[in-house]
Amino acid sequence: MDTLLISEPSNIYYLTGYEAYSYYVFQMLVVHRELDEPVWIGRFMDAVSARRMTHLPETAIHPYTDEYVQSSERDPVDFLVAKLREICPTLKAIGTETGSFYYTARAHTKLLGSLPNVRFVDAELLINWIRIRKSPAELAIMREAGKISSAMIADAIEAAKPGMRECDLASVIYQRMIAGTPEYGGVLPSSPTYLLTGSRSGEPHAPWSDRLIGTNVPVNVETSGCRRRYHAPISRTIFLGSPPDSYLRLSNAVVEGIEAALAEVKPGVTCADIERTWQATIARHGFHKEARLGYSIGIGFSPTWGERTASLRSTDLTVLEPGMAFHMMPGLWLGDNGVTITQSFIVTETGREDLTTFPRQLVIK
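The structure presented is a predicted model; accordingly, all values stated were derived computationally and were not measured.

(A) Region of the structure containing the overall build of the protein. Helices and strands together make up the secondary structure of the protein, namely nine helices and 17 strands. Taken against the 2.2 N^0.38 rule, which gives 21 Å for 365 residues, the C-alpha radius of gyration of the protein at 22 Å falls within 12% of a compact globule. Across its three principal directions, the C-alpha atoms of the protein cover 70 × 45 × 40 Å. The 365 residues of the protein split such that 56% are buried. If you take every contact in the protein between residues at least 6 apart in sequence, the share linking residues at least 24 apart comes to 68%. Counting every atom, the protein has about 15400 Å² of accessible surface; 52% of that belongs to carbon and sulfur. Across the protein, 36 positive and 41 negative side-chain charges occur, with their mean positions spaced 1 Å apart.

Okay, here's the thing in structure tokens:
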């Protein structure tokens, strides 16, 4: 490749610092191996953010007019192609993020037709795999996000009670999410808070509602603090009332499994090694988790805080290295019941560092 087209907002942010919520319209970062700086291409009204947020010089900021926005007459890909021909010394092989949520089939088809003599290369996850090893500065920000996450869960547990609406409990979480801590504030994370209660606790990703929370029911919360687009997700289950023995057996199996899996974390082990320990532990209690145990985390923009690279699963042979960060997510959703007790962590030189500090246990209230 002589040229790389970057559409994923997390990767644009990683390379430039640009974090405006402008990805609902066409935008692209162009990296060429003979250009000193990446080139930002986006909507004219967002160019002011590119100038303020990034280190890019004015010559590397190329806005298109509003006539290109959601228009049936003009296509911003035509603007991009014209700029590529203008600014790129060569155009022989272009890499594109073909799996990005923000790179559409229409844009790719248009590029192929507009540049018939250029070879297109799949550069999916190229920048993501570079991002997987965080710098000390990045890890410091993730620790801040972790403190916000811990405070959010603490507030949720204090507020949760039978008879309150699910949406009212969600509002408590969001208030802390944005207010952050006395030292630093938070911003909206890349995914919504998942808050499921009672018979819906077996659903992992459904939205909350305005229904009343019952008595003797679980309340599953998955959320994340977000600091400068870095995340530290956390999940906890609050049981309001007296859990039956079967539910205690389920939650105890999850806690034992996550503790055993976390004890395996250190440089040199693989994602598969960790997941096998988890499966072997819960199997002794008669349980099995079909979904992966976790995933790499860091910078996130909607719709996910996952980096889409390494996963804690039996087939992933990624070797853990210092500076990697993961959300270990041993949630078990079994029909009408579910337990979610998770841990975000950093891989260190000798083991791991937890990003959130709230106790890993079923909270009975």
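(B) Representation of the environment of Ala 82 within the structure. One can find Ala 82 in helix α3 (residues 76-87). Ala 82 gets classed as partly exposed once you look at its relative accessible area, which sits at 44%. Between the C-alpha atom of Ala 82 and that of Ser 114, which follows or precedes it by 32 residues, the distance is 9.6 Å.

(C) Region of the structure containing the environment of Ser 7. Checked against the element boundaries, Ser 7 lands in the loop between β1 (3-6) and α1 (9-16). A residue is classified by how much of its surface remains accessible, and Ser 7, at 2% relative accessible area, is buried. When the C-alpha positions of Ser 7 and Met 177 are compared, they lie 27 Å apart, and in sequence the two are 170 residues distant. Excluding its chain neighbours within four sequence positions, the residues that come into contact with Ser 7 are Ile 12, Gln 27, Met 28, Glu 97, Ser 100, Tyr 102 and Tyr 103. Looking at Ser 7, its side chain comes within polar contact range of the side chain of Ser 100, at 3.2 Å.

(D) The arrangement of the packing of helix α8 (residues 245-263) against helix α9 (residues 271-283) in detail. α9 packs onto α8 with a crossing angle of 150° between their chain directions and a minimal axis gap of 8 Å. For the element pair α8 / α9, the angle class is roughly antiparallel. As α8 packs across α9, the resulting crossing turns out to be right-handed. Between α8 and α9, the contacting residues are Ala 253, Val 254, Glu 256, Gly 257, Ile 258, Ala 260 and Ala 261 on the first element and Ile 274, Thr 277, Trp 278, Thr 281 and Ile 282 on the second.

(E) Representation of the pattern of salt bridges within the structure. Throughout the structure, instances matching the rule amount to 22 salt bridges. Here Arg 131 makes a salt bridge to Glu 8, at a shortest N to O gap of 3.7 Å. Of this pair, Arg 131 sits in helix α5 (residues 126-131) while Glu 8 is found in the loop between β1 and α1, placing the two residues 123 residues apart along the sequence. By the burial criterion, Arg 131 is buried, and Glu 8 matches it. For Asp 75, the salt bridge goes to Arg 106, with nearest N and O atoms at 3.9 Å. Placement of Asp 75 in the loop between β4 (61-64) and α3 and of Arg 106 in helix α4 (residues 105-114) is noted, with a sequence separation of 31 residues between them. Sharing partners across several salt bridges, the network here consists of Glu 8, Glu 124, Arg 131, Lys 134, Glu 307 and Arg 308.

What counts, and at which threshold
Residues numbered from 1 in each chain as written. Predicted model: local features only at pLDDT ≥ 70, side-chain atom pairs only at ≥ 80, totals over all residues. Heavy atoms only, no water. Helix = DSSP H or I, 4+ residues; strand = E, 2+ residues; numbered from the N terminus. Rg over C-alpha atoms; globule rule 2.2 N^0.38 Å. Buried < 20%, exposed > 50% of the residue type's maximum accessible area, 1.4 Å probe, protein only. Contact = heavy atoms within 4.5 Å. Areas by Shrake-Rupley, 256 points an atom, 1.4 Å probe, with all protein chains shown as cover. Lys, Arg positive; Asp, Glu negative; His and termini not counted. Charge placed at Lys NZ, Arg CZ, Asp CG, Glu CD. Polar contact = N/O pair within 3.5 Å; in protein donor to acceptor, adjacent residues only side chain to side chain. Axes fitted to C-alpha atoms, helices over the stretch in contact; angles between N-to-C directions. Parallel < 35°, antiparallel > 145°, perpendicular 65-115°, else oblique. Left-handed = near helix turned anticlockwise from the far one by under 90°. Salt bridge = Lys/Arg side-chain N within 4 Å of Asp/Glu carboxyl O.

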